[in-house]
Amino acid sequence: MSELTASLAWNALQNHSERFANFSLKDAFSDDTERASRLSLSAGGLFYDYSKELIDDDALSALLDLAGQQNVAKAIQAMQSGEELNTTEGRQVLHHLLRQTDKSTIPTQLHPQFDAVINTRAKMKDAVARVHNADVTGVTGKAFTDIVHIGIGGSYLGPEMIYQGMQVHHLPSIRCHFISNICAHELARVLDGLNPETCLFVVASKTFTTLETLTNANTAKHWLEQQLGKNAVGQHFYAVTSSPEKAESYGISPAHIFAFWDWVGGRFSSFSAIGLSLALGLGWETFESLLDGAATMDTHFFDAPLNVNMPVLMALIGVWYVNFFDRESLCIAAYDSRLRSFAPFLQQLEMESNGKSTDLNNNAVDYHTCPTIFGEPGTNCQHSYFQLLHQSPEFVPVNFIACAQQEHTHKEHQDWLFANCLAQANALMLGQQTADQHKHMPGNRPSSTLLLDRLSPENMGALVALYEHKVYVQSVIWNVNAFDQWGVELGKQISKGIKPKLDTGDTHDLDPSTAALLTRYQKINEADDIPRQNTPDIKKRA
Ligand code: F6P
């Protein structure tokens with residue numbers, strides 16, 4: 001038995017959860033008319049209502065005991081003061097520095113890192129102004145009108161999600177496009193219709209070694225050179241990386257290389273130079289507002305007592321379901337089409353961080369860690385998997401996210417959207433008791449609601465920081481390192497061994513299933529006879 005599962009706080013929660021067989025949310029609200037206001041709080045422009053969660057005061061206090069036992073307050077301080085939290089890679093974890101502006105609030109020992117942040121921010125601001133003022137242009141002298149961001153994982157999901165979220169802040173003169181998948185249909189979709197003369201490519205890769213990103217960058221480079229000549233890369237390619245020397249050897253000018261550092265994890269890097277495309281596509285002011293919003297949430301996280309600390313409460317409620325109700329999934333239902341990429345963003349943030357089974361003392365865990373995250377924007381989700389949420393044998397916790405005001409003129413749409421969000425949370429809680437078992441809904445199904453006044457850049461920044469900190473707190477409870485991702489390496493290595501076999505057909509060291517699939521692939525490809533999308537360089541096959 002691990003220290004955690006043998007601990008007093010864990011056992012108290014275990015015992016308390018057993019009493020929840022009889023807990024009724026409906027009764028909890030009628031017994032306590034203050035429940036909705038007591039179990040809610042505001043921070044960083046976000047309002048968090050957790051009164052529809054399956055918790056009572058004893059559960060909350062037992063969860064806070066667990067946080068105390070696991071030294072969550074100390075862990076928060078450790079992040080703030082720059083301790084080496086990423087122990088398996090020997091790195092500090094300082095993404096919170098990326099959004100700070102006031103050096104006097106930064107611990108002295110982190111001043112060198114903060115200076116580096118400020119220098120890069122100044123370089124970004126300067127680059128954004130030059131692009132917007134057409135002080136820098138493409139090789140034919142035309143102003144850039146299209147930013148093509150090439151990256152994957154943390155070098156893609158955050159910027160893409162935020163760019164969609166900030167739809168009403170898109171600059172009319174410049175558009176961002178994102179290429180992540182090595183599937184060239186994505187590249188073809190993006191490049192088709194773009195004029196290379198006005199395209200600025202931002203190659204975003206922390207390591208500058210990632211297969212997908214470099215393969216896509218090479219093809220994009222070729223596409224550009226075919227049309228504008230060999231010297232076009234110098235003016236049309238920028239890089240964001242913590243390996244500037246690799247970007248330079250790739251042919252990108254040092255003036256166009258924007259640094260970030262090994263103390264910023266990829267999935268926590270949205271507000272580093274990885275956000276350069278955001279700053280180009282939204283404008284510097286909007287980018288700074290995103291940083292300000294994230295910084296406000298950082299301050300709340302660092303300063304608020306645990307019992308009124310939004311990321312901490314969210315993390316503890318998550319732990320409550322995962323470990324004491326065996327809930328292995330979490331649904332993210334964002335009722336705003338602009339947040340359609342929020343669940344995919346969280347999938348990496350949460351699952352790459354906490355999908356671990358070895359603890360910080362190198363022991364195998366004997367408890368569940370990160371739940372599976374899934375989600376589609378509301379109301380689309382209602383017409384796909386919400387059936388399961390209402391009537392499957394087991395409940396799935398839901399995080400509803402909604403904006404009270406939307407920046408369009410169609411109030412009818414806005415009201416229906418919010419009415420549906422409220423209705424779903426309500427239906428999950430109340431259920432429907434009917435004699436016809438097919439129509440019966442058990443109810444008592446938990447959810448929380450995050451209500452934003454509107455999807456302003458500040459609130460967007462705070463939302464990202466909220467979940468970043470929630471993930472960290474959960475890792476502290478589960479005693480795992482949220483900042484490494486060794487699990488993704490094996491598949492990458494195996495793919496390197498398999499790729500040449502697609503040419504040679506040598507399957508002798510493969511398992512029978514893989515061998516048969518590879519042979520079938522080869523056979524199908526012998527006849528290169530299908531019509532292909534007419535994208536320069538993609539239609540020509542070696
Ligand atoms: O494959 C996982 C991963 O290493 C992520 O952690 C990272 O965000 C992504 O790949 C992209 O890596 P890079 O920014 O180095 O290209």
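Residues numbered from 1 in each chain as written. Predicted model: local features only at pLDDT ≥ 70, side-chain atom pairs only at ≥ 80, totals over all residues. Heavy atoms only, no water.

Asker: Would you mind going over the site of the ligand with me for this structure?
Answerer: Taken together, 13 residues form the shell around the ligand, and within it G154, S155, S205, T207 and T210 come nearest. One nitrogen or oxygen atom from the main chain of G154 is found 2.7 Å from an oxygen atom belonging to the ligand. Contact distances for the ligand include 2.6 Å between an oxygen atom and a side-chain N or O atom of S205. Surface burial for the ligand is 87%, taken as the share of its 390 Å² of free accessible area covered by protein chains. Partitioning the shell around the ligand into residue classes produces 2 nonpolar, 8 polar and 3 charged. (Near = heavy atom within 4 Å. Polar contact = N/O pair within 3.5 Å; in protein donor to acceptor, adjacent residues only side chain to side chain. Areas by Shrake-Rupley, 256 points an atom, 1.4 Å probe, with all protein chains shown as cover. Nonpolar A, V, L, I, M, F, W, Y, C, P; charged D, E, K, R; others polar.)

Asker: Would you mind showing me how to read helix α1 (residues 8-18) here?
Answerer: Since the α-helix advances by 3.6 residues per turn, residues separated by three or four positions end up pointing in the same direction. Turning to α1, its buried residues are A9, W10, L13, H16 and S17. Considered in projection along α1, the buried side chains sweep an arc of 130° and stay on one side of the axis. α1 presents L8 and E18 as exposed residues on the side facing more than 90 degrees away from its buried surface. Looking at the buried residues of α1, the elements they touch are α4 (57-69) and α14 (310-324). (Buried < 20%, exposed > 50% of the residue type's maximum accessible area, 1.4 Å probe, protein only. Helix = DSSP H or I, 4+ residues; strand = E, 2+ residues; numbered from the N terminus. Arc of directions from axis to C-beta. Contact = heavy atoms within 4.5 Å.)

Asker: Can you walk me through the environment of L339 in this structure?
Answerer: Along the chain, L339 turns up in the loop between β8 (329-335) and α15 (342-354). Counting along the chain gives 236 residues from L339 to K103, while the straight-line C-alpha distance between them is 33 Å. Ignoring sequence-local partners within four residues, the contact set of L339 consists of A334, I401, L455, M460 and L463.

Asker: Can you help me understand a negative patch on the surface in this one?
Answerer: A contiguous patch of negative charge, built from E285, E288, D292 and E458, is present on the exposed surface. Sort the elements by how many residues they give to the negative patch and helix α13 (residues 284-303) lands first, with 3 residues. Relative to the elements of secondary structure, D292 occurs in helix α13. Classification of D292 as partly exposed rests on a relative accessible area of 38%. (Patch = residues over 30% accessible without salt bridge, like charges linked within 9 Å, V, L, I, M, F, W, Y side chains within 5 Å. Salt bridge = Lys/Arg side-chain N within 4 Å of Asp/Glu carboxyl O. Lys, Arg positive; Asp, Glu negative; His and termini not counted. Charge placed at Lys NZ, Arg CZ, Asp CG, Glu CD.)

Asker: Would you mind showing me how to read the nonpolar core here?
Answerer: The nonpolar side chains of a soluble globular protein tend to be buried with one another. Grouped together as the largest cluster of nonpolar side chains are 127 residues, with contacts concentrated most on W320, F342, L450, M460 and Y467. No other element matches helix α18 (residues 457-478), which puts 13 residues into this core. Each of domain 1 (8-69 + 304-484) and domain 2 (99-288) accounts for three or more of the residues forming this core. Excluding anything up to four places from it in sequence, W320 contacts L13, H16, S17, F20, L54, I55, A59, L63 and F325. Within the second largest apolar cluster, 24 residues are counted, among which are V148, I179, A217 and Y250. (Core = buried A, V, L, I, M, F, W, Y, C linked by side-chain atoms within 4.5 Å. Domains from an automatic or database assignment.)

Asker: Before we go on, may I ask you to explain the domain arrangement of the protein chain in this structure?
Answerer: We note that the domain assignment places domain 1 (8-69 + 304-484), domain 2 (99-288) and domain 3 (487-527) within the protein chain. Between domain 1 and domain 2, the C-alpha centre-to-centre distance is 33 Å. Carbon and sulfur atoms supply 63% of the area buried between domain 1 and domain 2, which totals about 1900 Å² over both sides. There are 2 salt bridges connecting domain 1 and domain 2. For the salt bridge of E468 with R99, the shortest nitrogen-to-oxygen distance reads 2.7 Å. For the interface between domain 1 and domain 2, the tally reads 9 residue pairs in polar contact (both at pLDDT 80 or more). Among the elements of the structure, α15 and α18 are those that each provide at least two residues to the side of domain 1 that touches domain 2. At 8 residues, α18 tops the list of elements feeding residues into the side of domain 1 that touches domain 2. (Buried area = accessible area lost by both parts, 1.4 Å probe.)

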